[in-house]
Amino acid sequence: MAQTDNIKKNMFIMFNNEPYYITDAEFYSPGKGSAFTRVKMKNLNTNRVIPFTFKSGERVEELDVNFKTMQFLFSDTNNSTFMDPDTYEQFTLANSLIDTYLQYMKAGSDYILIIYNEQPISIKFPAQVTLEVTETSPAVRGNTATNATKEAVLETGATVQVPLFVDIGEKIKVDPYYGTYQGRATE
Amino acid sequence: MQTFFSSIINSPEFKAQYLLKLNIISVIRRFFAEKGLLEVEPPILNNALIPESYLDIFETTEKRIGLEGKIEQKKYLMTSPEAFQKKLLAAGFGSNFAITRSFRNGEPLSGKHLSEFSMLEWYEQGSNYENVMQTTEELFTALAAEFAPKGTIPFGEHTVTLSTPWLRLSINEAFKQFTSIDLEQTWDESTGAFSVKQFGEILANRPELGITVTANTTWEELFNQILLTYIEPELDPTKPVILYDYPHELSPLAKPKNGEKVKGNVWAERFEVMIAGLEICDTYTENTDPNLQKAAFEREIAKIEEAKNKTNYPYDWEFVDALKHGLPACSGNALGIDRVVMLFGNYSQILEA
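Keep in mind it's a predicted model, so treat the numbers as computed, not measured.

**Student:** How would you sum up the pattern of salt bridges? Please name residues and give values.
**Tutor:** Residues and elements named next belong to chain B. Applying the stated criterion across every chain, the model contains 26 salt bridges over all chains. Of the charged contacts, one joins Glu 138 and Lys 35 as a salt bridge, the two residues approaching to 3.1 Å between their closest N and O atoms. With Glu 138 in helix α4 (residues 129-147) and Lys 35 in helix α2 (residues 12-35), this residue pair connects regions lying 103 residues apart in the sequence. A relative accessible area of 38% means that Lys 35 is categorised as partly exposed. One salt bridge in this structure joins Asp 282 and Arg 270, with 3.0 Å as the shortest N-O distance. Residue Asp 282 is located in strand β15 (residues 278-285), and its partner Arg 270 is located in strand β14 (residues 267-275); the two are separated by 12 residues in the primary sequence.

Set out below in structure tokens:
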């Protein structure tokens, strides 16, 4: 059990007998004494996002989830398939639950999946990914100013804005949540 | 860190939002001057404030030097111009308005609250809250004429139509419409108060709402939790909504009225305007009874002194004296100017300036 005073973004809870993922949480006081935590939460069975308001200090059941590193194999229109490297067992996760990260996933790479009841329910995506630039206009040498940008396509198909000096074949670091360039990868 | 100058120089959006705020203030001022309300100037620094247990305040020290030596005295920043404006009403100044900064400590960290914010408060002598509903609509019509000539404004993902009259929905109708709960069934006539036990019994039959009731839960928490979860998100975001007749227990300084089916101080003549999820203003038909005021003062003081985390301050008993002297029948509206700026400029965050 967890106290909702601790309810935060990215937490997994059981609510009305269904598993939910907290996508947004905000302290709220309507100005007459009591305090609340307003959340947006995603039902992991239906993918529907609903608003809810918890009383401050209200007890909710936190989901007993595990983390497991798995290899990403491929995605189709609706689902992505992963493999447990220990058992070679394959698991699927709905693309809607991977959301914006999907475009930064590279086949053959390892990702941390969140497992509940022995099934993946979400992905714990890294805050930064390193990917190769496969398409962009020619680099402007010596221009290290970062305020001028151009479009670049990455090896996973994602498009990001990069500084003018970035060239095809270079590896760059990207924040996958905001889709922003973070720098050249130094290897 | 002060960032106003660098923001106004470097961010065209910041500058535009700031200019819009100044223009909105000038339209508001013209509107009330044309209506014949007296503009008044409430003091920011005060020796005492009216007790409001749900607010935290700013305290400072005044230092003065004279032949007697140094004198130090605690001062408090006003949380709203209400007490001062009502004293003027009691002194015979009549209908009046104030556009002023107000100060509240301990406000939520959100894009919709500031510790120092711009507030419009006006009082209409001889009016009740229904008259003020109409004045509020007229004020928005005047603002729309200036800032939204088409009568619609984009706000976030919605287009809001400001044309009047606005939808009016009582709190209990809203509860019945969106949750099939009749709050009057939670009124206990034997104690003359809302009963958390009766509310809990109703909720026990409605597990799908996901509202839990424990030994510490209060009626007010259940009321607000349902309002925030099942009512506010369901209101039409493309039209302003006037929510009216709030529980008197939560609005002790508003004029009480009976319920439809139950008797007692069940509802308060109070309304709030919600536009696209933004709470714009809060209005009461004001309580003019000094005994009710004194009782409300004492309840609030008990709550402040019970809560250990709030700053204690001297209470403005002169306000009760003003009511004894005679506050004429009146209705007042407190409106957050910064929220109006968000609305007319389609800004998702309040301007920090």
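Having seen the model, we can carry on.
**Student:** Outline the interface of chain A and chain B, supporting the account with residue identities and numerical values.
**Tutor:** Opposite the 19 residues of chain A that make contact, chain B presents 24 residues. Approximately 1,800 Å² of surface area, both sides summed, lies buried where chain A meets chain B, with 54% of it carried by carbon and sulfur atoms. Linking chain A with chain B are 1 salt bridge. Note that B:Glu232 and A:Arg38 form a salt bridge whose closest N and O atoms lie 3.9 Å from each other. Where chain A packs against chain B, one counts 8 residue pairs in polar contact (both at pLDDT 80 or more). Only β3 (18-28), β4 (36-43) and β5 (49-55) of chain A provide two or more residues apiece to the side of chain A that touches chain B. With 5 residues, β5(A) is the single largest residue contributor to the side of chain A that touches chain B. Considered class by class, the residues forming the side of chain A that touches chain B number 8 nonpolar, 6 polar and 5 charged.

**Student:** I'd like to hear about a nonpolar patch on the surface, residue by residue, with values.
**Tutor:** Taken together, B:Phe4, B:Phe5 and B:Ile9 make up a surface patch of nonpolar side chains, about 330 Å² in accessible area. By the element assignment, B:Ile9 lies in helix α1 (residues 4-10).

**Student:** Requested: an account of the nonpolar core, with residues and values cited.
**Tutor:** Ranked by internal contacts, the top residues of the largest apolar core, which has 47 residues, are B:Leu120, B:Phe140, B:Ile280, B:Leu335 and B:Phe344. Apart from residues no more than four positions distant in its own chain, B:Phe140 is found in contact with B:Leu162, B:Trp166, B:Ile275, B:Ile280, B:Leu335, B:Val340, B:Leu343 and B:Phe344. Of all hydrophobic cores here, the second largest spans 41 residues; its members include A:Tyr20, B:Trp187, B:Leu209 and B:Tyr246.

Calculation rules
Residues numbered from 1 in each chain as written. Chains lettered and ligands numbered in written order. Predicted model: local features only at pLDDT ≥ 70, side-chain atom pairs only at ≥ 80, totals over all residues. Heavy atoms only, no water. Salt bridge = Lys/Arg side-chain N within 4 Å of Asp/Glu carboxyl O. Helix = DSSP H or I, 4+ residues; strand = E, 2+ residues; numbered from the N terminus. Buried < 20%, exposed > 50% of the residue type's maximum accessible area, 1.4 Å probe, protein only. Contact = heavy atoms within 4.5 Å. Buried area = accessible area lost by both parts, 1.4 Å probe. Polar contact = N/O pair within 3.5 Å; in protein donor to acceptor, adjacent residues only side chain to side chain. Nonpolar A, V, L, I, M, F, W, Y, C, P; charged D, E, K, R; others polar. Patch = residues over 30% accessible without salt bridge, like charges linked within 9 Å, V, L, I, M, F, W, Y side chains within 5 Å. Areas by Shrake-Rupley, 256 points an atom, 1.4 Å probe, with all protein chains shown as cover. Core = buried A, V, L, I, M, F, W, Y, C linked by side-chain atoms within 4.5 Å.

Fair warning: the whole summary comes from geometry, so function is off the table for now.
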